[in-house]
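# Coordinates in review
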Amino acid sequence: MIKDLTQGSPSKILIQFSIPMFISVIFQQMYSLSDSVIAGKFAGENALAAVGASYPITMIFMATAFGSNIGCSVIISQLFGRKEYGKCKTAISTTLIATLVLSLILTVVGLLVADPMMRLIQTPADIFKESSLFFKIYIGGFAFLFLYNVATGIFTSLGDSNTPLYFLIGSSVGNILLCLLFVGRLHLGVAGVAWATFIAQGIACILSLVTLVARLKQLKAEAFSYFSFSVLWQIARVAIPSILQQSFVSVGNIFVQNLINGYGTPVIAGFSAAIKLNTFAITSLSTLANGMSSFTAQNVGARNYDRIKKGFHSGIAMVLVICLPFVLSYAFLGSQLISFFKVDSSLGLATGIHFLQIASPFYFVISVKLLADGVLRGAGSMGQFMAATLTDLFLRVALSYILAPIFGTNGIWASWPIGWIAATILSMYFYFSGKWKETDVLRE
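Residues numbered from 1 in each chain as written. Predicted model: local features only at pLDDT ≥ 70, side-chain atom pairs only at ≥ 80, totals over all residues. Heavy atoms only, no water.

### Points about the overall build of the chain
- The helix and strand inventory of the chain stands at 16 helices and 0 strands.
- Relative to the 2.2 N^0.38 estimate, which gives 22 Å for 444 residues, the radius of gyration of the chain is 21 Å and therefore close to what a compact globule would have.
- Principal-axis analysis of the C-alpha atoms gives the chain an extent of 60 × 45 × 35 Å.
- Looking at the chain residue by residue over its 444 residues, the buried ones come to 61%.
- Pairs at least 24 residues apart make up 85% of the contacts formed inside the chain by residues separated by at least 6 positions.
- Accessible surface computed for the chain: about 17,000 Å², of which carbon and sulfur atoms make up 70%. (Helix = DSSP H or I, 4+ residues; strand = E, 2+ residues; numbered from the N terminus. Rg over C-alpha atoms; globule rule 2.2 N^0.38 Å. Buried < 20%, exposed > 50% of the residue type's maximum accessible area, 1.4 Å probe, protein only. Contact = heavy atoms within 4.5 Å. Areas by Shrake-Rupley, 256 points an atom, 1.4 Å probe, with all protein chains shown as cover.)

Now the structure itself:
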């Protein structure tokens, strides 16, 4: 249901809006984790490593989807907050058309660069073929994933966090069942994992687009255009910096993955399991930040800045509470969690445990940054948002290469909290400076 986030108690609105998003993340990460668990259980440690090795490359393409999601969400939310429903519908239609074209172009590019990219990150020979196959099937369904991701962003921009939850539950359950069928019963290995994602995401994409079109009829508006270059430019002013930021992060992750690949398949498998768990935590923490972003954007459109501050203060308390179970479980139950992925070697197990023990206590720090980022992003202050995120990335990559020769993989893991601390300080500085209030992303 479409909802106005500029009315009502900020803390209550944020909780009600964010809970469905948080549940969505749980299901999203559940099927993401299930890919690795099922691959490790039924196809072995090499299959787990094969899925993990291609992950940084898939994230380069997902960076475009994430960036586009942010670009359209900010513009649509602010137009909705201003009650300019005709322009809002124009922005939605323009976004979907542009997304379809861009996703098809990236699909072709991805299929052409698959093998060269796998060689670039020094994928070990014993998992190269399966890693490449996984990536090619994955990128073949990229248009579905891209459109679904953007459709989800549009729903949340309109204050509707429930509808994406329903589709994600169906997609997650479908993905797990298909993965069990293809890998566990039909023994398709890594290819089965990729095909399960392809099919589940495709169905969710089609259903979400049909529902979105029907939902937009609720917006009573004057005449609107199906495509507008001026609106596309407004979206691009936010989306392009977001895409670049996400891409830089993904490229940075490739450098780190390249470094890790040099330690062999057991370490890759252990890191793959640990990074999946870390992603689960960070994505869960990002949920409230994403809610904060939509909340901020609608209220920026309504020019209600005091309401944004109240929402931010309430969000800090909520996000710190979310951190606690992740920190405790990762710090004290790391061995059991990594073993769940069927990482059998002692080296792989130790790799995953050490990463979680080093990184997880600092979730309390990065959660604050993510919430501040939500405000900056929602206001369209992309320069400040990029500066904080790229500070984290630069330190993480640089320190990984500096510390690895001295401390081995533990030196790589230590770079995560150092980057988080520096980036959090910067994000909070930007938030308290208040310059994000001066951003006007709707200017022609």
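### Considering the layout of surface pockets
- By volume, the largest pocket is sized at about 340 Å³.
- Lining the largest pocket we find 14 residues, and of these S93, L96, V213, L216 and Y226 sit closest to its centre.
- Within the residue set of the lining of the largest pocket, elements represented by two or more residues are helix 4 (85-120) and helix 8 (190-216).
- When its residues are assigned to classes, the lining of the largest pocket shows 11 nonpolar, 1 polar and 2 charged.
- Its boundaries defined by the atoms lining it, the second largest pocket holds a volume of some 190 Å³.
- Elements with a contribution of two residues or more to the lining of the second largest pocket: helix 4 and helix 9 (229-261).
- Sorting elements by how many residues they give to the lining of the second largest pocket places helix 9 first, with 6 residues. (1 Å grid on protein atoms, 1.4 Å probe; cavity = no way out; pocket = protein on both sides within 12 Å on 5 of 7 lines; lining within 4 Å. Points joined across faces, edges and corners; volume = space filled by probe spheres on them. Nonpolar A, V, L, I, M, F, W, Y, C, P; charged D, E, K, R; others polar.)

### Some thoughts on the packing of helix 4 against helix 8
- The interhelical angle for the contact between helix 4 and helix 8, taken along N-to-C directions, is 160°, at an axis separation of 12 Å. Relative to helix 8, the element helix 4 is oriented roughly antiparallel. The interaxial crossing formed by helix 4 with helix 8 has left-handed handedness. Along its contact with helix 4, which presents K89, I92 and L96, the element helix 8 presents L209, L212 and L216. (Axes fitted to C-alpha atoms, helices over the stretch in contact; angles between N-to-C directions. Parallel < 35°, antiparallel > 145°, perpendicular 65-115°, else oblique. Left-handed = near helix turned anticlockwise from the far one by under 90°.)

### Concerning the side chain of S427
- Mapped onto the fold, S427 is located in helix 16 (residues 409-433).
- Among the polar contacts listed, one links the side chain of S427 to the side chain of D373, at a separation of 2.9 Å.
- If we skip the residues at most four places from it in the chain, S427 touches K369, A372, D373 and A388. (Polar contact = N/O pair within 3.5 Å; in protein donor to acceptor, adjacent residues only side chain to side chain.)

### Notes on the packing of aromatic side chains
- Counted according to the given criterion, the structure contains 23 aromatic pairs.
- An aromatic cluster is defined as three or more aromatic residues linked by ring pairs; in this entry it consists of F280, F326, Y330, Y363 and W420. (Phe/Tyr/Trp six-rings, centres within 6.5 Å; stacked < 30°, edge-to-face > 60°.)

### Some remarks on unusual backbone geometry
- At K83, a position not held by glycine, the phi torsion is positive, near 65°.
- The topology assignment puts K83 in the loop between helix 3 (55-81) and helix 4.
- We note that R303 has phi near 60°; this positive angle belongs to a residue other than glycine.
- Relative to the assigned elements, R303 resides in the loop between helix 10 (265-301) and helix 11 (305-332).
- On the basis of relative accessibility, which here comes to 44%, the residue R303 falls in the partly exposed class.

### Points about the confidence of the model for the chain
- Residues of the chain with pLDDT of at least 70 account for 93%, and the chain-wide mean is 84.
- Element-level pLDDT for the chain is lowest in helix 2 (residues 45-53), with a mean of 68, against a maximum mean of 92 in helix 16. (pLDDT = per-residue confidence, 0-100.)

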